[in-house]
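Chain residues, written in single-letter form:
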Amino acid sequence: MSLPPLLNGTELYKTFRVSGQRRSSKLLTALDNVSLQLAAGETLGIAGESGCGKSTLAKVMAGLLTSDRGNVFYKGTQLSLLGQDDKTVFRRKTQMIFQDPFSSLNPRMRIGDSISEPLKIAGLSLPRQRTELERIMAAVGLHGDAVNRFPDEFSGGQRQRIGIARALAASPEILIADEPVSSLDISIQAQIINILLQMKLEFSLSMMIVSHNMLVLRHICDRIIIMYLGAIVECGPAATLFDRCRHPYTEALIAAIPGFHALSATKSELLHDDLPSALSIPPGCRFHPRCRHAVDRCSSEVPRMKEYANGHTAACHLSKQLYG
Ligand code: ADP
Ligand code: MG
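This one's a predicted model, so the numbers in the text were calculated from it and none came from an experiment. (Residues numbered from 1 in each chain as written. Chains lettered and ligands numbered in written order. Predicted model: local features only at pLDDT ≥ 70, side-chain atom pairs only at ≥ 80, totals over all residues. Heavy atoms only, no water.)

Asker: How would you explain the packing of aromatic side chains if you had to name every residue and give the values?
Answerer: Applying the stated criterion across every chain, the model contains four aromatic pairs. For the pair Tyr228 and Phe287, a centre-to-centre distance of 5.0 Å together with 85 degrees between the ring planes defines the contact as edge-to-face. Of the two residues, Tyr228 sits in strand S9 (residues 223–228) while Phe287 sits in the loop between helix H10 (267–270) and strand S11 (306–309), which places them 59 residues apart along the sequence. Like Phe287, Tyr228 is buried. Taken together, the aromatic side chains of Tyr228, Tyr249 and Phe287 make up a single cluster linked through ring pairs. (Phe/Tyr/Trp six-rings, centres within 6.5 Å; stacked < 30°, edge-to-face > 60°. Helix = DSSP H or I, 4+ residues; strand = E, 2+ residues; numbered from the N terminus. Buried < 20%, exposed > 50% of the residue type's maximum accessible area, 1.4 Å probe, protein only.)

The following block contains the structure:
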């Protein structure tokens, strides 16, 4: 019997009520029938333009946000049915890393104390807390003398190391990182990505990484999910997605990568106009108003997700015609 996926999201819907004109309110669809699995030991990337629902999905999978419909299962058990103790275990086992870890660090707490907090909660003796703290700080490349300093004394890159260290101190199984390097200088980005990769091996983690940077995802992920306006439009092994994508939106995202010339067309040719509002998702294929290949059918019929190769799925009426 095969093991259930570590984390399994099934048919997730999430809407937000936003205020409209004259005290009216409207429903915005942030997740629309999203299903995904994270296998043990896997690194799964979530890509898509800003506003596509990536952060909402990350929070729902981490149990920080409840979906309106659909369920998240942790090792086969529905999150909403976990008892208090199991919920506490899940919260510890699933750690999130945010774009700006500063916001989740107490500005008046010394770094050493911040990172040690999960160790203390886990009931480790003081000497063990100290040894563990040293091990984790060394693993993320923080100097020992950082323990007595405060968050505002650190640069962005160092803060992200602190954020990762704090997450690791909880001995997680799953790390969900939401744009972990987006606010950092390019040179620092590579350092943080490498730390995440090392940590994954050293601490046997499964990871979900949200990024609008496709190259970052190609570098570190086993599989990539492409989201567009709240829905998954393509999903597949990272290398396959880059070599042979099956959705015009993925093609456009790849073409938009600066300096990446795998395709001849440029972003402006492939991805014109801005992302439509999640308040009024286009009928038919939600990408059709921006798709240069769209035909009549695309504006009326919702494309179903089809599997083209093992683990490679896409939702586009024209996929076969366009990509063979
Ligand atoms: P991404 O991370 O891909 O940029 P988000 O998940 O943050 O996307 O947002 C998806 C959509 O949901 C966007 O239209 C965003 O404005 C909206 N949204 C996200 N969070 C909220 C919220 N708390 N209240 C209202 N709208 C929200
Ligand atoms: Mg986001």
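Structure's up, so let's keep going.
Asker: Got a sec to walk through the site of ligand 1? Specific residues and values, please.
Answerer: In the vicinity of ligand 1 there are 13 residues, among which Gly51, Gly53, Lys54, Ser55 and Thr56 approach most closely. Within the backbone of Cys52, one N or O atom sits 3.1 Å away from an oxygen atom of ligand 1. Measuring from an oxygen atom of ligand 1, one finds a backbone N or O atom of Gly53 at 3.1 Å. Taking 550 Å² as the accessible area of ligand 1 by itself, protein coverage stands at 64%. Residue assignment for the shell around ligand 1 shows that the elements contributing at least two residues are strand S1 (7–19), strand S2 (25–38) and helix H1 (54–61). Grouping the amino acids of the shell around ligand 1 by side-chain chemistry returns six nonpolar, five polar and two charged. (Near = heavy atom within 4 Å. Polar contact = N/O pair within 3.5 Å; in protein donor to acceptor, adjacent residues only side chain to side chain. Areas by Shrake-Rupley, 256 points an atom, 1.4 Å probe, with all protein chains shown as cover. Nonpolar A, V, L, I, M, F, W, Y, C, P; charged D, E, K, R; others polar.)

Asker: Quick rundown of the pairing of strand S3 (residues 43–47)? Include the residues and the values.
Answerer: Burial within S3 is extensive, with five of its five residues counted as buried. Here S3 shows no split at all, with Thr43, Gly45 and Ala47 on one side and Leu44 and Ile46 on the other all buried. Sheet analysis places S3 next to strand S8 (residues 206–210), joined by four bridges and oriented parallel. Residue pairing for S8: Thr43 is matched across the bridge by Met207. Relative to S9, S3 is paired through four bridges, and the arrangement is parallel. Note that in S9 the partner of Ile46 across the bridge is Ile225. (Pairing = 2+ DSSP bridges.)

Asker: Please set out the environment of Ile193 residue by residue, giving values where relevant.
Answerer: Mapped onto the elements, Ile193 comes out in helix H6 (residues 186–202). Residues Ile193 and Ala239, spaced 46 residues apart in sequence, show a C-alpha to C-alpha distance of 18 Å. Apart from residues lying up to four places away in sequence, Ile193 is in contact with Val181, Val216, His219 and Ile220. (Contact = heavy atoms within 4.5 Å.)

Asker: Just give me the short version of the sheet that holds S2, but keep the residues and values in it.
Answerer: Taken in spatial order, the four strands of this open sheet run S2-S1-S4-S5, and their pairing is antiparallel. Of all the strands in the sheet, just S2 and strand S5 (77–78) have a single pairing partner and so form its edges. Of the strand pairs in this sheet, S1 and S2 are connected by eleven bridges, and their pairing is antiparallel. The residue bridging Val18 from the neighbouring strand is Lys26, located in S2.

Asker: An account of helix H9 (residues 248–255) is needed here, citing residue identities and associated values.
Answerer: When you tally the buried positions in H9, you get eight out of eight residues, the bulk of the element. Among the residues of H9, Pro248, Tyr249, Thr250, Glu251, Ala252, Leu253, Ile254 and Ala255 are the ones counted as buried.

Asker: How would you sum up the nonpolar core? Please name residues and give values.
Answerer: Core analysis: the biggest nonpolar cluster contains 89 residues, and Leu36 and Leu57 have the highest contact counts within it. In contact with Leu36, not counting residues within four places along its chain, are Leu7, Asn8, Gly9, Leu12, Leu44, Ile46, Leu57, Met61, Met208, Ile225 and Ile232. (Core = buried A, V, L, I, M, F, W, Y, C linked by side-chain atoms within 4.5 Å.)

Asker: Give a detailed account of the sheet that holds strand S6 (residues 94–97), specifying residues and quantitative values.
Answerer: An order of S6-S7-S8-S3-S9-S10-S12-S11 is seen for the eight strands of this open sheet, with the pairing classed as mixed. Each end of this open sheet is capped by a strand with a single partner; those strands are S6 and S11. Averaged over all pairs of adjacent strands, the angle between their axes in this sheet comes to 20 degrees, without regard to strand direction. Where H1 meets the sheet, its contacts fall on S3, S6, strand S7 (174–178), S8 and S9, and the angle it forms with S8 comes to roughly 155 degrees. (Axes fitted to C-alpha atoms, helices over the stretch in contact; angles between N-to-C directions.)

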